[in-house]
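Structure assessment
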Amino acid sequence: MRTPAAILEIDLAAIAANYRLLAGRVGGARVAPAVKADAYGLGAARVAPALAAAGATTFCVAQLEEALALRPLLPAARLQVLNGCLPGEERDFVAEDLVPVLNSLEQIALWQAAARAAGRALPAVLHLDTGMSRLGLPPGELALLLAAPERLAGLRLETVMSHLACGDEPGHPLNEAQRARFLAAARHFPGVARSLSASSGIFLGPDWHFEEVRPGYALYGGNPGPGPNPLRPVVTLRARILQVRRVDSPTTVGYGACHRVGGPTRLATLGLGYADGFHRALSNRGRLFLDGVPLPIVGRVSMDLTVVDVTALPEAKAVPGALLDVLGPDQDVDALARDAGTIGYELLTGLGRRYERRYGGA
Ligand SMILES: *Cc1c(COP(=O)(O)O)cnc(C)c1O
């Protein structure tokens, strides 16, 4: 038997409920979940089939490897690879029926050559850069493409997409500017589905939904906007107390001796550290909870261990073996990320491999 130092619970029913909530928001638009980065650290092999059971037919991943891992689990799904098809990957894309997002004239040419070699039309998504300057055809490349439409011959263009830079800031002027650029560009591809919004964009309103949306973070319970979170929480993380000590005389805690205990205090040492994706930036900043009682992290978070001040808890509760809430009803991933000076996306995708993972609601 094994006693896990920390337990990560992922509620698949909540993910399915979030999928339905988003699908309800966007009317008839297709919801194409982003399951890249192992479904934001939650386990794509469990999460993607749960989303398929909830109705998803199209999925977005970043890399070929991720699509190949999903293909046996989702034999009929449309798998869109956001980074596109890189030189040398054409064979796998064709063999596994993957849809590359074409981000440049170079990628278009490569995929066209693959279609010629395959002797049939190959599906594709065309990515237009409207303000991210990251991936996608910049306006100059789009102009070249429109001047030479034969560059797309042999390809079955299914979707044109773009990506918002500031979707989580509803008043940001770049949102409207990107929408206008996207609309103008998409007019050159009549009959092709349009996709602009990820999680945040969905909440900008119906003008942002078009024919497809690509949410990731919101499906996993993250808050897509500045207001109250409309999504259901998905992730629970609890860490076990390994040892409790009573400190009566002045002393310091942990590496660097950067926390000094003054008066009588009870300290609990937990089996959770930065090797588990529990950021070192939470040293002397973050909090854990038990029964709603906040328990401050004291001293530095180390690789496998974190110390919290449990003086506020009844002695009978703060005992070795007890589990404290890291992510749960009192603290969601957005709140913990704020204390760590980052965003919930980074916390989720960095969730450690040592947790005992439990999937609920399957
Ligand atoms: C990651 C990603 C998404 C999903 O973004 P969320 O903010 O997690 O909803 C959608 N589209 C593209 C192009 C992405 O890279």
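Counting of residues starts from 1 at the beginning of each chain's written sequence and follows it residue by residue. Only residues with pLDDT of at least 70 get local features here, since the model is predicted, and only at 80 or more are side-chain atom pairs given and counted; chain-wide, interface and lining totals rely on the full set of residues. Excluded from the side-chain calculation are hydrogens and water; included are all heavy atoms of the structure.

Moving on, we come to helix H10 (residues 333-340). All of the buried residues in H10 are Val 333, Asp 334, Leu 336, Ala 337 and Ala 340. Axial view of H10: buried residues confined to an arc of 165°, hence all on one face. Should any heavy atoms of two residues lie within 4.5 Å, those residues are considered in contact. Note on conventions: DSSP H or I runs of at least 4 residues are helices, E runs of at least 2 residues are strands, and numbering of each starts at the N terminus. In this structure, the buried residues of H10 make contact with strand S17 (323-327) and helix H11 (344-349). Throughout this description, a polar contact denotes any pair of N or O atoms lying within 3.5 Å of each other; where both atoms belong to protein, one of them has to be capable of donating a hydrogen while the other can accept it, and for residues adjacent in sequence the pair is counted only when both atoms sit in side chains. One side-chain oxygen of the residue at the start of H10 lies 3.2 Å from the amide nitrogen of Asp 334, identifying that residue as Asp 332. Remark: Gly 341 follows H10 within two positions and exhibits a positive phi of approximately 70°. For every residue, the accessible area obtained with a 1.4 Å probe (protein chains only) is divided by the maximum for its type, and the residue is called buried under 20%, exposed over 50%, and partly exposed between those limits. Within this analysis, the arc is defined by the directions that extend from the helix axis to the C-beta atoms.

Below, the discussion takes up the side chain of Ser 283. The residue Ser 283 is located in the loop between strand S13 (265-270) and strand S14 (287-290) in this model. Leave out the neighbours within four places in its chain, and Ser 283 touches Ile 297, Gly 299, Arg 300 and Val 301.

Further remarks concern the site of the ligand. Near, as used in this document, describes a residue that has one of its heavy atoms within 4 Å of the molecule or strand being considered. Lys 36, Tyr 40, Ser 199, Gly 216 and Tyr 345 are the nearest of the 14 residues found near the ligand. The contact in question runs from an oxygen atom of the ligand to an N or O atom on the side chain of Ser 199, over 2.5 Å. Tyr 217 has a polar backbone atom sitting 2.8 Å from an oxygen atom of the ligand. Residue burial considers only the protein chains on display, and all accessible areas are found by Shrake-Rupley using a 1.4 Å probe. About the coverage of the ligand: the protein hides 90% of its 390 Å² of free accessible area. Polar here means any residue outside two lists: the nonpolar Ala, Val, Leu, Ile, Met, Phe, Trp, Tyr, Cys and Pro, and the charged Asp, Glu, Lys and Arg; Gly therefore counts as polar. Within the shell around the ligand, the residues separate by chemical class into eight nonpolar, three polar and three charged.

Moving on, we get to the nonpolar core. Here, the term nonpolar core denotes a set of buried Ala, Val, Leu, Ile, Met, Phe, Trp, Tyr and Cys residues that are joined through side-chain atoms within 4.5 Å. Grouped together as the largest cluster of nonpolar side chains are 109 residues, with contacts concentrated most on Leu 51, Trp 111, Leu 126, Tyr 220 and Leu 324. Both of domain 1 (12-220) and domain 2 (235-331) provide at least three residues apiece to this core. Not counting residues within four places of it along the chain, the set of residues in contact with Leu 324 comprises Leu 237, Arg 238, Ala 239, Ile 241, Leu 270, Leu 288, Phe 289, Leu 290, Leu 295, Val 308, Val 310 and Leu 313. Domain boundaries shown here were taken from an automatic or database domain assignment.

This brings us to the environment of Ala 48. With respect to the helices and strands, Ala 48 occurs in helix H3 (residues 44-54). Each C-alpha atom, one on Ala 48 and one on Pro 226, is 27 Å from the other, the two residues being 178 residues apart in sequence. In this view, Ala 48 contacts Val 35, Phe 59, Leu 70 and Leu 74; residues no more than four positions away in its chain are not counted.

Burial analysis of S17 places five of its five residues in the buried class, the great majority of the element. For two strands to be treated as a pair, DSSP must find no fewer than two bridges joining them. As judged from the four bridges shared by strand S10 (residues 235-247) and S17, these two strands associate in the antiparallel manner. Residue Ala 239 lies in a different strand from S17, and its bridge partner there is Leu 324.

This next bit is on the domain arrangement of the protein. Under the domain assignment, the protein is made up of domain 1 (12-220) and domain 2 (235-331). Inter-centroid distance (C-alpha atoms) of domain 1 to domain 2 is 42 Å.

Put simply, helix H1 (residues 12-25) and H3 touch, their axes get as near as 9 Å, and they point 45° apart. Comparing the axis directions of H1 and H3 gives the class oblique. Helix-helix and strand crossings are classified by hand; for H1 and H3 the assignment is right-handed. For the pair H1 and H3, the contacting residues are Leu 12, Ile 15, Ala 16, Tyr 19 and Arg 20 in the first and Arg 46, Val 47, Ala 50, Leu 51 and Ala 54 in the second. Residue composition of the contact of H1 with H3, by class: eight nonpolar, no polar and two charged. The angle between two axes is taken between their N-to-C directions and runs from 0 to 180 degrees, where each axis is a line fitted to C-alpha atoms and a helix contributes only its stretch in contact. Every angle not falling under 35 degrees, over 145, or within 65 to 115 is termed oblique; those three ranges are roughly parallel, roughly antiparallel and roughly perpendicular. Helix crossings get a hand from a simple test, with the near helix turned counterclockwise from the far one by less than a right angle marking a left-handed crossing and a clockwise turn marking a right-handed one.

What follows concerns unusual backbone geometry. Phi is positive for Asp 38, which is not a glycine, with a value near 55°. With respect to the element layout, Asp 38 can be found in helix H2 (residues 36-40). Assessed through its relative accessible area of 41%, Asp 38 is described here as partly exposed. Even without being glycine, Ser 133 reaches a positive phi, approximately 50°. With respect to the element layout, Ser 133 can be found in the loop between strand S6 (122-127) and helix H7 (139-147).

Once that is clear, we can look at the environment of Arg 300. As for its position among the elements, Arg 300 is in the loop between strand S15 (293-296) and strand S16 (306-309). For the pair Arg 300 and Arg 285, spaced 15 residues apart in the sequence, the C-alpha separation amounts to 9.4 Å. Dropping the residues within four chain positions of it, Arg 300 is found in contact with Tyr 255, Gly 256, Cys 258, Arg 280 and Ser 283.

What follows is about a negative patch on the surface. In this analysis, a patch consists of residues with relative accessible area above 30% that form no salt bridge, clustered at 9 Å for like charges and at 5 Å for the nonpolar side chains Val, Leu, Ile, Met, Phe, Trp and Tyr. Criterion for a salt bridge: a side-chain nitrogen of Lys or Arg within 4 Å of a carboxyl oxygen of Asp or Glu. Neither His nor the chain termini are counted; the positive set is Lys and Arg, and the negative set is Asp and Glu. By convention, the charge on Lys lies at NZ, on Arg at CZ, on Asp at CG and on Glu at CD. On the surface, a cluster of negative charge is contributed by Glu 65, Asp 92, Glu 96 and Asp 97. Looking at the element boundaries, Asp 97 is found in the loop between helix H5 (90-95) and strand S5 (99-102). The exposure class assigned to Asp 97 is partly exposed, which follows from its relative accessible area of 48%.

To continue, consider the pattern of salt bridges. According to the stated counting rule, one finds 12 salt bridges in the structure shown. For the salt bridge of Arg 30 with Glu 212, the shortest nitrogen-to-oxygen distance reads 2.7 Å. Of this pair, Arg 30 sits in strand S2 (residues 30-31) while Glu 212 sits in strand S9 (residues 212-213), and the two are 182 residues apart along the sequence. Residue classification places Glu 212 among the buried positions, given a relative accessible area of 1%.

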